[in-house]
Amino acid sequence: MASRDTPKKSSTLKQLWQVYQITRKDDPALTWIMIGLLVLGIVLGAVAGVFLGGQWFMFVLWIVVGLLAGALGALNVMNRRAERAAFRRIAGQPGAVGAVLGSMTGSWRSSQMPVAVNVRSADALYRAVGPKGVVLVIEGNAAKAQRMVNEERAKVRRAVPNVAIRVVHCAESGEQAVPLSRLLSTVKRTKTDKRKLSRTEVDAVQKRLSTLDHPVAMPKGVDPLRMRPDHRAVRGR
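The rules behind each value
Residues numbered from 1 in each chain as written. Predicted model: local features only at pLDDT ≥ 70, side-chain atom pairs only at ≥ 80, totals over all residues. Heavy atoms only, no water. Helix = DSSP H or I, 4+ residues; strand = E, 2+ residues; numbered from the N terminus. Buried < 20%, exposed > 50% of the residue type's maximum accessible area, 1.4 Å probe, protein only. Contact = heavy atoms within 4.5 Å. Areas by Shrake-Rupley, 256 points an atom, 1.4 Å probe, with all protein chains shown as cover. Pairing = 2+ DSSP bridges. Right-handed = clockwise from strand over helix to strand, strands pointing away. Expected span 1.5 Å × (residues − 1). Core = buried A, V, L, I, M, F, W, Y, C linked by side-chain atoms within 4.5 Å. Lys, Arg positive; Asp, Glu negative; His and termini not counted. Salt bridge = Lys/Arg side-chain N within 4 Å of Asp/Glu carboxyl O. Polar contact = N/O pair within 3.5 Å; in protein donor to acceptor, adjacent residues only side chain to side chain.

Novice: Could you give an account of the overall build of the protein chain, naming the residues involved and the relevant values?
Specialist: A tally of regular secondary structure across the protein chain gives eight helices and four strands. The buried share among the 237 residues of the protein chain stands at 38%. Summarising the internal contacts of the protein chain: among those between residues at least 6 apart in sequence, 67% fall at separations of at least 24. For the protein chain, the accessible surface area stands at approximately 14,400 Å², while carbon and sulfur atoms represent 58% of it.

Structural data, given as structure tokens:
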């Protein structure tokens, strides 16, 4: 059993180290923040050991608990800052929205492929389906993509007339634009006056709309598989 676990642990540590190395190049403060959290955990554990420990082995135990808590906090911080660094690297590139939406989990359904692309301007339109309805996400110039939005909105209304539709413009600047780093949270916080969809209904809507889609070319610029850090590695799984 030990021989089986060893390669897995080695692989996890290697992935963690790779995430750290990539992130600290874009975020030099990461190292000091992680060290600070480890030290803070040890100090808090020592203080708890002094007041709650009673015996020396309880004092040591509290220090170990503080160290583990500090390590967990450091890993969580690294995870969040790794995501931000990844978003900064791909923001503004064609296909970035698809890379982010394609990583959605839970009750939301989406794809790395756009549902429509403006060949001349490279503006693209993506679609996500979730409990709060259908969200159309514009990548590029919102004005130039308006025709695609209108056509997709009409198609969705014909296919699923009782489902709410919302349009989000993903860009790093501009009026009412949503930056890439906040895209997922914005999509999931979609407000609607209509009844929320169950997971079964979400799957049915996604399947219905997918049958009406026509193949489009994936915007060149972003490799979705390399966009985000390995969450399982960061969580130590």
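Novice: Outline the pairing of strand β2 (residues 124–130), listing residues and values.
Specialist: Burial analysis of β2 places seven of its seven residues in the buried class, which makes it a mostly covered element. Side chains Ala124, Tyr126, Ala128 and Gly130 of β2 all project onto a buried face; the interleaved residues Leu125, Arg127 and Val129 project onto the opposite face, where all are buried too. Sheet topology places strand β1 (residues 116–117) next to β2; two bridges connect them, and they run antiparallel. Bridge pairing links Val117 to Ala124 in β2. Connecting β1 to the next strand, β2, in antiparallel fashion are six residues, including Ala122 with a positive phi near 70 degrees. Linking two consecutive strands that pair antiparallel, namely β2 and strand β3 (residues 133–139), is a turn of two residues.

Novice: Describe the sheet that holds β2, listing the residues and the values that go with them.
Specialist: Within the open sheet, the four strands sit side by side as β1-β2-β3-β4. Their pairing is mixed. What marks the edges here is a single partner per strand, and that holds for β1 and β4 (165–170). Relative to β3, β2 runs antiparallel, the two being bridged by seven bridges. Paired with Gly130 across the strands is Gly133, a residue of β3.

Novice: Hey, could you go over the pairing of β4 for me, with residue numbers and the actual values?
Specialist: Relative to β4, β3 is paired through six bridges, and the arrangement is parallel. Residue pairing for β4: Ile138 is matched across the bridge by His169. With respect to chirality, the unit in which β3 leads through helix α5 (residues 146–159) into the neighbouring parallel β4 is right-handed.

Novice: Provide a residue-level description of α5, including the pertinent values.
Specialist: For α5, spanning 14 residues, the distance from its first C-alpha to its last is 20 Å, which sits close to the expected 20 Å at 1.5 Å a residue. Elements that come into contact with the buried residues of α5 comprise β1, β2, β3, β4 and α7 (199–210).

Novice: Please provide a residue-by-residue account of the nonpolar core, values included.
Specialist: Core analysis: the largest hydrophobic core is formed by 20 residues, its most contacted members being Val97, Leu101, Met104, Val137, Leu180, Leu183 and Val187. Contributions of two or more residues to this core are made by α3 (56–90), α4 (96–101), β2, β3, β4 and α6 (183–188). Looking at this core, the element that brings in the most residues is α4, giving four residues. With residues up to four places along the chain from it excluded, the contact list for Leu183 reads Val97, Val100, Leu101, Val137, Val168, Cys170 and Val178. Listed in part, the 18 residues of the second largest apolar core include Val129, Ala145, Val160 and Leu197.

Novice: Before we move on, could you go through the side chain of Asp123 and cite the residues and values that matter?
Specialist: Among the structural elements, Asp123 can be located in the loop between β1 and β2. Although Asp123 is buried, it forms no salt bridge, and the closest oppositely charged side chain is Lys144 at an N-O distance of 5.5 Å. A distance of 2.9 Å separates the side chain of Asp123 from the backbone nitrogen of Asn141, its partner in a polar contact. Dropping the residues within four chain positions of it, Asp123 is found in contact with Ala116, Val117, Asn118, Glu139, Gly140, Asn141, Lys144, Ala145 and Met148.

Novice: With reference to specific residues and values, describe the pattern of salt bridges.
Specialist: If charged atoms from side chains of opposite charge come close, those side chains can pair. Under the counting rule described, the total for this entry stands at seven salt bridges. Across the pair Glu151 and Arg147 runs a salt bridge, and its minimum N-O distance is 3.3 Å. With Glu151 and Arg147 both in helix α5, this residue pair falls four residues apart, about one helical turn. Classification of Glu151 by relative accessible area gives partly exposed; the value is 46%. Of the charged contacts, one joins Lys155 and Glu152 as a salt bridge, the two residues approaching to 3.1 Å between their closest N and O atoms. Taken together, the positions of Lys155 and Glu152, both in helix α5 and three residues apart, correspond to about one turn of that helix. A single burial state applies to Lys155 and to Glu152, both of which are buried. It is possible to trace a salt-bridge network through shared partners that takes in Arg127, Glu152, Lys155 and Asp213.

Spatial relationships are all this shows, so hold off on functional conclusions.
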